[in-house]
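Analysis of the macromolecular model
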Amino acid sequence: MQKTYIYLVFSALFLNITPILAQSLPKINTKDYGFTTNTKKVEITTYSVVNNSIILRETNSYKFNDLGNIQTYKKREKHNSSWIKSKNIYVKGLLRKKSWKHSNSSFNKKHLYTYDNKTRLINEHIRSKNGNTNHIKFKYQNNLLHKITTNDNDLEITYYYTQKRQLFKKVYSEKKNGKPNIITNHFYLENKEIFSYEEPKNHYKAHIYNENVYIGFELINEKQVKSKIDKGIQRFNEEAPKDNLPFNLEQHCNQTWQFYNKNLDKVIPFEIKFYRYTKDVSGNKIKYAEAVVNIKTKTISSISFYKTTLKNNNVIGSTEFDKKVFSEFKEDINFINIP
């Protein structure tokens, strides 16, 4: 396969999507949230960086039960004292009810879940305090999630899998007030979204996943660039279903980064993050810090610190602001090309 295909196909990654497009199976276990299976509790404190001043912005906390399923979640904004919290109820290991409470009670809502005889989620009913309701249906094919639809059919998400039952594509179709449906195609490797576009072939965006760096960028609307990417997308659609791609996620990201650095006049980064990890005694990676870059000013706009309590009650990390880590993140910016 030509090298041009290998790195240009990586160049079209996922769109920033609205909350309605983010609909999927509910997050339940530690893995869904990006934590290790032996996690008991995670506390996160986020600080904003404004004109070199550090300002406490918000706190988040997640608590998991002995099965590794989320029990409670809490978030508190410091600038206006607003808060939100959720509580999950399980019956025989299945999520049956989720309740959300807000400092503004008009946003309170409840989620109810029903399952088929194979314990697969088939319905999610959402009722808000103001009386609004939503009904989400989940359908399966070959025992894999195949389609998600909302009660008024304003959104439909279709899942596609390889012969080895690995997700390689999602197609979102959203209705817009009598206008033609907005259709976006999202492509995956190793459960990571690697590129996407909006039909008819617009808004090409891409992700780079590195151990300590994430870069999301969009390509400019240039005919020659789009033509090459379209050929890569065509090949991906042909080879991915057969599990016949000549690269894995790491190779994809390496090639994408090369493309990014060589084509700074053709890319527009929309999100850059830095991470720091440590390991527990079992060798599991555990995040203890994350920073978000202000792309316009090329500075750190916020930094979060993680405190993880494991099931054996060992604690990794701290939510206290760490000047040394902050300095390291500021240095990281020097190694990223930001056009």
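Residues numbered from 1 in each chain as written. Predicted model: local features only at pLDDT ≥ 70, side-chain atom pairs only at ≥ 80, totals over all residues. Heavy atoms only, no water.

1. Looking at the overall build of the protein chain
Put simply, the rule reads: We count a stretch as a helix when DSSP gives it H or I for four or more residues in a row; a strand needs E for two or more, and each element gets its number in order from the N terminus. Computation of the radius of gyration draws on C-alpha atoms, with the globule rule given as 2.2 Å multiplied by the number of residues to the power 0.38. Partly exposed residues are those whose accessible area sits between 20% and 50% of the maximum for their type, while under 20% is buried and over 50% is exposed, using a 1.4 Å probe and protein chains only. Working rule for contacts: check all heavy atoms of both residues, and any pair within 4.5 Å makes them a contact.
Helices and strands together make up the secondary structure of the protein chain, namely 4 helices and 19 strands. For 339 residues, the compact-globule estimate of 2.2 N^0.38 gives 20 Å, and the protein chain sits close to it at 21 Å. In terms of overall dimensions, the protein chain has a C-alpha envelope of 50 × 50 × 45 Å along the principal axes. Across the 339 residues of the protein chain, 45% fall into the buried class. Across the protein chain, the fraction of contacts at a sequence separation of at least 24, relative to all contacts at a separation of at least 6, is 45%.

2. A word on the confidence of the model for the protein chain
Heads up, the condition is: Predictor confidence is given residue by residue as pLDDT, running from a minimum of 0 to a maximum of 100.
For the protein chain, per-residue confidence averages 90 on the pLDDT scale, and 93% of positions sit at 70 or higher. For the stretch residues 1-22, pLDDT sits under 50, and the model shows 82 contacts to residues farther than four places along the chain or on other chains.

3. Description of the pairing of strand 14 (residues 202-209)
Note the cut-off: Following DSSP output, two strands are said to pair if at least two bridges run between them.
Pairing between strand 13 (residues 192-198) and strand 14: 3 bridges, direction antiparallel. Bridge pairing links Ser196 to Lys205 in strand 14. Here strand 13 folds back onto strand 14, and the loop between the two strands holds 3 residues, one of which, Lys201, carries a positive phi near 60°. Strand direction decides the pairing type here: strand 14 and strand 15 (residues 213-219), joined by 5 bridges, are antiparallel. Counterpart to Tyr209 in the pairing with strand 15 is Tyr214. Counted along the chain from strand 14 to the antiparallel partner strand 15, the turn is 3 residues long.

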